Amino acid sequence: MSALLSLKNVHRRYRRGGFFTRTEMLHVLRGVDLELEEGASLGLVGRSGCGKSTLGRVALGLERPDKGSVCFRGEDIAASDPASYAEFRRSVQVVFQNVQNSVNPRMTAGEIVAEPMRNFFGLSKAEAVERSRPLLEQVGLKASDADKRPTQFSGGELQRVCIARALAPKPRVVVFDEAVSSLDMLVQARVLSLIEHIRDEQGLAFLFISHDLRVVAGLCREVALMADGVIAARKSSVKELVATGHPAIGELLASLPPAAPGR
Amino acid sequence: MMRRLFYNKIFWAAAILLGLIGAGALFAPQMGLPDPQEVNLAAKLLPPSSEHLLGTDHLGRDVLSRLLYGSRVSLGSVFIILLLIVTFSTLAGSVAGFFGGVIDSAIMRTCDVFLTFPTIILAMFFIAALGTGLTNVVIAIFFTHWAWYARIVRGIVISLKNREYVLAARVAGTSRGRIVARHILPALAPQLLVLSTLDIGHMMLHVAGLSFLGLGVQPPTPEWGSMINDARQYIWTQPQLLIYPGLAIFVSVMAFNLLGDAMRDASDFSFAEVES
Ligand SMILES: Nc1ncnc2c1ncn2[C@@H]1O[C@H](COP(=O)(O)OP(=O)(O)O)[C@@H](O)[C@H]1O
Ligand SMILES: [Mg+2]
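It should be emphasised that the depicted structure is a prediction, and the values quoted were computed from it without experimental measurement.

Criteria and cut-off values
- Each residue is numbered by its place in its chain's sequence as written, counting from 1.
- Here the convention is simple: chains get letters from A, ligands get numbers from 1, in the order in which they are written.
- Only residues with pLDDT of 70 or above have their local features reported here, since the model is predicted, and side-chain atom pairs are shown and tallied only from 80 upward, although totals for entire chains, interfaces and linings are computed over all residues.
- The side-chain numbers reported here are obtained from all heavy atoms of the structure, hydrogens and water having been left aside.
- Numbering of helices and strands runs from the N terminus, with a helix taken as a DSSP run of H or I at least four residues long and a strand as a DSSP run of E at least two residues long.
- Burial here depends on accessible area, computed with a 1.4 Å probe over protein chains only, as a share of the maximum for the residue type. Under 20% is buried, over 50% is exposed, and the range in between is partly exposed.
- Residue contacts are defined here by distance: any two heavy atoms, one from each residue, within 4.5 Å place the two residues in contact.
- Only the protein chains shown count as cover for residues, and the accessible areas themselves come from Shrake-Rupley with a 1.4 Å probe.
- Buried area, as used here, totals the accessible surface that two parts lose on assembly, with accessibility defined by a 1.4 Å probe and the loss added over both.
- Each salt bridge in this description consists of a side-chain nitrogen of Lys or Arg and a carboxyl oxygen of Asp or Glu lying within 4 Å of one another.
- Side-chain atoms alone can form a polar contact between residues adjacent in sequence; in general such a contact is a pair of N or O atoms within 3.5 Å, and within protein one must be able to donate a hydrogen while the other accepts it.
- The classification used treats Ala, Val, Leu, Ile, Met, Phe, Trp, Tyr, Cys and Pro as nonpolar, Asp, Glu, Lys and Arg as charged, and all other residues, Gly among them, as polar.
- Here a helix's expected span is defined as the number of its residues, less one, multiplied by 1.5 Å.
- The arc in question is the one spanned by the directions pointing from the helix axis to the C-beta atoms.
- For every residue, the predictor states its confidence as a pLDDT score lying anywhere from 0 to 100.
- When DSSP finds two or more bridges between a pair of strands, those strands are recorded as paired.
- We call a residue near a molecule or strand as soon as one heavy atom of that residue lies within 4 Å of the molecule or strand.
- Only buried Ala, Val, Leu, Ile, Met, Phe, Trp, Tyr and Cys residues count toward a nonpolar core, and they belong to the same one when joined by side-chain atoms within 4.5 Å.
- What counts as an axis is a line fitted to C-alpha atoms, over the stretch in contact for a helix, and the angles between N-to-C directions run from 0 to 180 degrees.
- Crossings are assigned a handedness: left-handed for a near helix turned anticlockwise from the far helix by less than a right angle, right-handed for a clockwise turn.

Enquirer: Hey, could you run me through the overall build of chain B in this one?
Expert: When helices and strands are counted, chain B shows 10 helices and zero strands. Helices and strands in chain B line up, N terminus first, as α-α-α-α-α-α-α-α-α-α. With the C-alpha coordinates of chain B rotated into their principal frame, the extents come out at 75 × 50 × 30 Å. Per-residue burial for chain B yields a buried fraction of 46% across its 276 residues. Considering only contacts within chain B whose residues lie at least 6 apart along the sequence, 70% involve residues at least 24 apart. When the accessible surface of chain B is split by element, carbon and sulfur atoms take 69% of a total near 13,700 Å².

What follows is the structure in structure tokens.
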């Protein structure tokens, strides 16, 4: 049985520099190998700018790797037929960090959550908006919130809308890219317990990208460390990862804010 | 944006003024005015009267009627130009911004070429090649202005295509065409509206200027620029013939600029709101 989602020797470069400066290539991913099994809850840590979000976008099929491949159930998504690509598209969903930019300000919460259901289940807009209501309740909002617009929600509530949108097409994997990093501590804790609850209830696999070791330690059953464009280590707890003594881990530990009461 | 505009006095003043000008243009045929093209040499250069509210010109034509029918030409041609430009530039700019790479470079270099043509020179070229007339003026203004819009659309599309909500729509399985229609165009529309409102005045001046030079609208069709041209020889004896169309151009260009400014200020504010 092959892994649900796997990255094989993935490379990704960006062009840097403009018309007048010499263009140089920024080699962000330098041969990433990463496997995500059914039901896995993997944290991905690394210092900011090391390419975690890039890895996330490649895994989501939003960017093509320059070299290497992304496979869904063992099949390369770049070479798969339309039906299996559609299955990949539906099964791998995302929640981003920047909550305000994650939703179209001109749409209602119901329309936002309805979008994937209209595409994947062929529902009409009205049907899909109706089906968004129980989903909003599932993430701790009210059914009537479907008629509200993004400006009427707080950051934490909006992130719940985004989580509902990610869950709407009944995915197998959700990529959380710094999904709680822009929220304040208390809201963060609530959203995290929601994520934990959904994972346990639905047996979802997830890739939880973060630069905050504590969040990952509290939530994930496995942790991978990214450094120099590759997965430098993968352990079953943050403690074991710290024990490897990798320099990147030291930096992450040093960047932690002083321990706060609560979480 | 709407709420802020609602309390802006300049916006309302300009909007009401333009509403009046627009109504005058639209309903000119229904107002029972004398025929703007009817020549009556016996009644030339008459002072204002109940029959001719603003008097008559050197061929005895009713000045008020010519002003109102003239506004149809000025406003009408500018709206046609804008419609052409906005449609074409949105298409070109979105394609360039969305696909990037070679397609983007090709479209942008084409823009660069078009941006080097001055409107008046290109208009003269078209008129020399195809003859005088409003259509050629419209074509010339279209050719020299679309590239600005295409570049701006491209910039906005590039900044939007990596926005999280557009990425999220791709993950949600929305097709490219639908993403453009559902997520990109609605964000583009208000900015294009502001931009084109700010440009209307400028384009009206082009139409009037070229007609003044005798390259655009041809007599006897009434048009503000050509009315000024007709009035040149009476500048000392009958200055009102020059002042009326001059004032019409001045007031409508100013009103469009004020309206555009007010809209731009209001939208700046709402951008700041979104960023914070
Ligand atoms: N679209 C892009 N074009 C050019 N450079 C990019 C692009 N996306 C990311 N980068 C660069 O790649 C590096 C890694 O970025 P990112 O994956 O966002 O890191 P992280 O999520 O770990 O903070 C950064 O130096 C960033 O500037
Ligand atoms: Mg990131």
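Enquirer: Got a minute to help me understand the interface of chain B and chain A in this structure?
Expert: Taken together, the contact between chain B and chain A spans 16 residues of the former and 23 residues of the latter. In this assembly, chain B packs against chain A so that about 1,700 Å² is buried in total across both faces, 56% of it on carbon and sulfur atoms. In this structure, the connection of chain B to chain A is made through one salt bridge. For Arg182(B), the salt bridge goes to Glu115(A), with nearest N and O atoms at 3.3 Å. Applying the counting criterion to the chain B and chain A interface returns 11 residue pairs in polar contact (both at pLDDT 80 or more). Among the elements of the structure, α7 (164-171) and α8 (176-212) of chain B are those that each provide at least two residues to the side of chain B that touches chain A. Broken down by class, the residue content of the side of chain B that touches chain A amounts to eight nonpolar, three polar and five charged.

Enquirer: What exactly am I supposed to notice about helix α2 (residues 9-27) of chain B here?
Expert: For an α-helix, 3.6 residues make a turn, and residues three or four places apart therefore share a direction. Residue and element names in this part refer to chain B. With 19 residues, α2 extends 27 Å between its outermost C-alpha atoms, agreeing within 8% with the 27 Å of an ideal straight helix rising 1.5 Å per residue. For α2, the complete set of buried residues consists of Phe 11, Ala 14, Leu 18, Ile 21, Gly 24 and Ala 25. The buried residues of α2 all sit within an arc of 160° when viewed along its axis, so they share a single face. Along α2, exposed side chains directed more than 90 degrees from the buried face belong to Lys 9, Ile 16, Leu 20 and Leu 26. The N-capping residue of α2, defined by a side-chain oxygen 3.0 Å from the backbone nitrogen of Ile 10, is Asn 8.

Enquirer: Looking at this model, I keep getting lost on the confidence of the model for chain B. Mind explaining?
Expert: Fine structural detail should not be taken from predicted coordinates in areas where pLDDT scores are low. All names here are of chain B. Within chain B, residue pLDDT values average 87, and 96% of them lie at 70 or more. Mean pLDDT per element in chain B: helix α1 (residues 2-6) is the minimum at 75, and α7 is the maximum at 95. Across residues 269-276, confidence stays below pLDDT 50; counting only partners more than four residues off in sequence or on other chains, it has three contacts. Here the complex is predicted with pTM 0.82, and the ipTM for its interfaces comes to 0.91.

Enquirer: For this particular structure, what's the right way to read the pairing of strand β7 (residues 173-177) of chain A?
Expert: Residue and element names in this part refer to chain A. In terms of residue burial, β7 counts as a mostly covered element, since five of its five residues are buried. Side chains Val 173, Val 175 and Asp 177 project from β7 onto one buried face, and the interleaved Val 174 and Phe 176 project onto a second face that is buried too. Two elements, strand β6 (residues 92-95) and β7, share four bridges in a ladder whose sense is parallel. Paired with Val 95 across the bridge in β7 is Phe 176. Looking at chain direction, β7 and strand β8 (residues 205-209) are connected through five bridges and run parallel.

Enquirer: When you look at the site of ligand 1 in this model, what are you seeing that I'm missing?
Expert: All names here are of chain A. The environment of ligand 1 is formed by 13 residues, the closest being Gly 49, Gly 51, Lys 52, Ser 53 and Thr 54. Gly 51 has a polar backbone atom sitting 3.0 Å from an oxygen atom of ligand 1. Lys 52 is positioned with one of its backbone polar atoms (N or O) 2.9 Å from an oxygen atom of ligand 1. Taking 560 Å² as the accessible area of ligand 1 by itself, protein coverage stands at 66%.

Enquirer: Please clarify how the nonpolar core should be interpreted in this entry.
Expert: Nonpolar side chains in soluble globular proteins tend to be buried together. Residues Val78(B), Ile81(B), Ile85(B), Trp146(B), Met203(B), Met204(B) and Trp224(B) are the most contacted members of the largest nonpolar core, which totals 69 residues. In this structure, Met203(B) is in contact with Val78(B), Ile81(B), Leu82(B), Ile85(B), Ile141(B), His145(B) and Tyr149(B), ignoring residues within four places of it in sequence.

Enquirer: I tried to follow the sheet that holds strand β2 (residues 24-36) of chain A on my own but got confused; where do I start?
Expert: One key point about sheets: their strands pair by backbone hydrogen bonds, in either a parallel or an antiparallel sense. Residues and elements named next belong to chain A. An order of β2-β1-β4-β5 is seen for the four strands of this open sheet, with the pairing classed as antiparallel. The outermost strands of the open sheet, each flanked by one partner alone, are β2 and β5 (75-76). Where strand β1 (residues 5-16) lies against strand β4 (residues 67-72), five bridges are found, and the strand directions are antiparallel. Bridge pairing links Leu 5 to Phe 72 in β4.

Enquirer: Mind showing me how you'd approach helix α4 (residues 101-115) of chain B here?
Expert: Residues and elements named next belong to chain B. Between its first and last C-alpha, α4 extends 21 Å over 15 residues, near the 21 Å set by a 1.5 Å rise per residue. Taken together, the buried positions of α4 are occupied by Asp 104, Ile 107, Met 108, Cys 111 and Phe 114. Each buried residue of α4 lies within a common arc of 115° when the element is viewed along its axis, so the set occupies one face. Against α3 (63-99) and α6 (134-161) lie the buried residues of α4.

Enquirer: Any chance you could explain the packing of α3(B) against α4(B) here in plain terms?
Expert: Pairs of packed helices are described in terms of their axes, by the angle between the two and the distance that separates them. Residue and element names in this part refer to chain B. Orientation of α3 relative to α4, taken along the N-to-C sense of each, is 145°, at an axis distance of 7 Å. α3 and α4 meet at a crossing whose hand is left-handed. Here Ala 92, Val 95, Ala 96 and Phe 99 of α3 lie close against α4, whose contacting residues are Gly 101, Ile 103, Asp 104, Ile 107 and Met 108. Across the contact of α3 with α4, the residue classes tally to seven nonpolar, one polar and one charged.

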